[in-house]
Amino acid sequence: MEVICNSKHSLDDKEAESSNKKQCLEPGILSSNEPCGTAGSDKLSSDQNENSFKRASEQDVGITEYLSDLPGFKAIMKERYSDFIVNEIDTEGNVVRLTNLEKPKNPESDFKVDGLLEETTIQGIEQLIADERSEVEINVTEKDKDTRKDIHVAIRKMFNGVESSTEDRGSEKFIIVKRFTKQKKRRRGQLSVGGNYLHFVLYKENKDTMDAINGVASYLRVNPKVFAYAGSKDKRGKTSQLVSAYQISPERLLKINNDFNTIRVGNIVFKNEQLKLGDLRGNRFIIILRQLQGDPTIIEKAIDSLSSKGFINYYGLQRFGTSSVSTHSIGSCKGIMKERELSHTPILLFSFHLS
């Protein structure tokens, strides 16, 4: 994690959102008597009774320890969404960044068709196109799956207006080539010899991952389920992550860059597998702190401590809710199951005891 300290502040910055300002102490470099978050708790709205419930504190949920004994300092964190930059780290340890908006080179461009189709087969397909025959049979009984796939690709590259499929006829296997007609809907084939999936970098600003995916799917008029990603990224920030898309061409996907202001896609590659949840090693964060208040010497030591020692990775208070009964209290409840008969119908009752 990288922390950037900036004491300057511009009130006319369009990204500044005063309603979200929070005075907060940087976690991991604070003394235990000044836990992060208590200074910047949101005020209750006017229609809420301030005495109706007590907000949970860090101590209530077990956030009590820090790696540093420094007194800490005050600053504004995430005043603007651009103050929080997240880059996913893939399974090989590479930091995911959007660096290329160009169409990828199709592996088919390097595909060699020499020797895959016999001369008699080529002549037969030419006769098929000339409407001199109804189909062409290619016996591939002795061919393995990869070779059969290469033959399909060779036919697609060498001829227009035909389609091929593999069929079992009797005890033998054939590739059948027929004319493609407008009346017959063409069967959806493989996107590329490189694979049926596009893996690409999704860069977004001030949108969570699901909103971005739904927006892209709506624009492309596809089901959001054709997209998959390794991990969800928060709304308030500038984030880059890997996403996979099934059976969508690069040309179609790249049109997104022309019509979205806060979403960009690029670094496209062909793959045979889709991404799955958890296909990442972690995330890299850049956090900008503004309006620092404290001794500059203490601030410098705190940043050095954060860089060398890190911090204890607690969940923040936002994970525990803000209602009168916090979610950590519900989680610690003991459910006592009782069975009761009412009109000969068994009913399960749960009695909760708050500890």
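Residues numbered from 1 in each chain as written. Predicted model: local features only at pLDDT ≥ 70, side-chain atom pairs only at ≥ 80, totals over all residues. Heavy atoms only, no water.

Caption draft 1: Looking closely at the pairing of strand β6 (residues 162-169). Here β6 runs beside strand β7 (residues 172-179); their pairing, made up of eight bridges, is antiparallel. Bridging across to β7, E167 finds its partner in F174. (Pairing = 2+ DSSP bridges. Helix = DSSP H or I, 4+ residues; strand = E, 2+ residues; numbered from the N terminus.)

Caption draft 2: Seen up close, the environment of S68. Looking at the secondary structure, you find S68 in the loop between β2 (23-25) and β3 (74-77). Relative accessible area serves as the criterion here: at 10%, S68 is assigned to the buried category. In this structure the C-alpha to C-alpha distance between S68 and G310, which are 242 residues apart in sequence, comes to 9.5 Å. Of note is the side chain of S68, whose polar atom sits 3.1 Å from the backbone nitrogen of L70. (Buried < 20%, exposed > 50% of the residue type's maximum accessible area, 1.4 Å probe, protein only. Polar contact = N/O pair within 3.5 Å; in protein donor to acceptor, adjacent residues only side chain to side chain.)

Caption draft 3: Seen up close, unusual backbone geometry. One non-glycine residue with positive phi stands out, namely K78, at about 55 degrees. If you trace the backbone, K78 turns up in the loop between β3 and β4 (84-89). Although it is not a glycine, Q291 adopts a positive phi angle of roughly 50 degrees. Assignment of secondary structure puts Q291 in strand β12 (residues 282-293). The class for Q291 is partly exposed, based on a relative accessible area of 25%.

Caption draft 4: Inspection of the packing of aromatic side chains at higher detail. All chains considered together, the criterion is met by three aromatic pairs. Considering the side-chain rings of F84 and F285, the 5.6 Å spacing of their centres and the 35 degrees angle between planes classify their relative orientation as tilted. Taken as a pair, F84 in strand β4 and F285 in strand β12 lie far apart in primary sequence, 201 residues in all. Residue F84 is classed as buried on the basis of its relative accessible area of 11%. Ring plane angle 80 degrees and centroid distance 5.5 Å describe the contact between Y219 and F260, whose orientation is recorded as edge-to-face. Of this pair, Y219 sits in helix α3 (residues 209-220) while F260 sits in the loop between α5 (256-259) and β11 (263-271), and the two are 41 residues apart along the sequence. In this structure, K78 is placed above the aromatic ring of F84, and the distance from its NZ or CZ to the ring centre is 4.2 Å. (Phe/Tyr/Trp six-rings, centres within 6.5 Å; stacked < 30°, edge-to-face > 60°. Lys NZ or Arg CZ within 6 Å of the ring centre and 35° of its normal.)

Caption draft 5: Here's a closer look at the pattern of salt bridges. Applying the stated criterion to the full structure yields eight salt bridges. E137 is the salt-bridge partner of R169, the closest N and O atoms lying 2.4 Å from each other. Taken together, the positions of R169 in strand β6 and E137 in strand β5 (residues 135-139) put the pair 32 residues apart, joining distant regions of the chain. For E137, a relative accessible area of 42% gives the class partly exposed. For the salt bridge of D168 with K173, the shortest nitrogen-to-oxygen distance reads 2.9 Å. For D168, a relative accessible area of 56% gives the class exposed. Among the ionic contacts, a cluster of salt bridges with common partners joins E135, E137, E167 and R169. (Salt bridge = Lys/Arg side-chain N within 4 Å of Asp/Glu carboxyl O.)

Caption draft 6: Inspection of the confidence of the model for the protein at higher detail. Predicted confidence across the protein gives a mean pLDDT of 76, with 68% of residues reaching 70 or more. Here residues 7-48 is a poorly scored stretch, pLDDT under 50, and it has 86 contacts once near neighbours within four places are set aside; other chains count. Contacts of residues 334-355 to residues separated by more than four positions or lying in other chains number 24 contacts, the stretch itself having pLDDT below 50. (pLDDT = per-residue confidence, 0-100. Contact = heavy atoms within 4.5 Å.)

Caption draft 7: Structural view of helix α2 (residues 145-158). Across its 14 residues, α2 extends 20 Å between first and last C-alpha, which sits within 8% of the 20 Å expected from 1.5 Å per residue. Of the positions making up α2, those classed as buried are R148, I151, H152, V153, A154 and I155. Buried-residue contacts for α2 involve α1 (119-129), β5, β6 and β7. (Expected span 1.5 Å × (residues − 1).)

Caption draft 8: A look at the sheet that holds β7. Taken together, the three strands give an open sheet; going across it, the order is β5-β7-β6, and neighbouring strands pair in antiparallel fashion. The open sheet terminates on both sides in strands that have one partner only, identified here as β5 and β6. Across the sheet, the mean angle from the axis of one strand to that of its neighbour is 25 degrees, orientation sign disregarded. Packing of α1 onto the sheet brings it into contact with β5, β6 and β7, and relative to β5 it is tilted by some 160 degrees. (Axes fitted to C-alpha atoms, helices over the stretch in contact; angles between N-to-C directions.)

Caption draft 9: Local environment of the pairing of strand β8 (residues 197-205). Across the nine residues of β8, nine count as buried, placing the element largely inside the fold. Burial along β8 is two-sided: the face carrying Y197, H199, V201, Y203 and E205 and the face carrying L198, F200, L202 and K204 are both buried. The pairing of β8 with strand β10 (residues 238-246) spans nine bridges and is antiparallel. In the sheet register, F200 faces β10, and the bridge partner there is V243. For β8 and β11, the ladder comprises seven bridges, and the chain directions are antiparallel. Among the inter-strand pairings, Y203 is bridged to a residue of β11, identified as R264.

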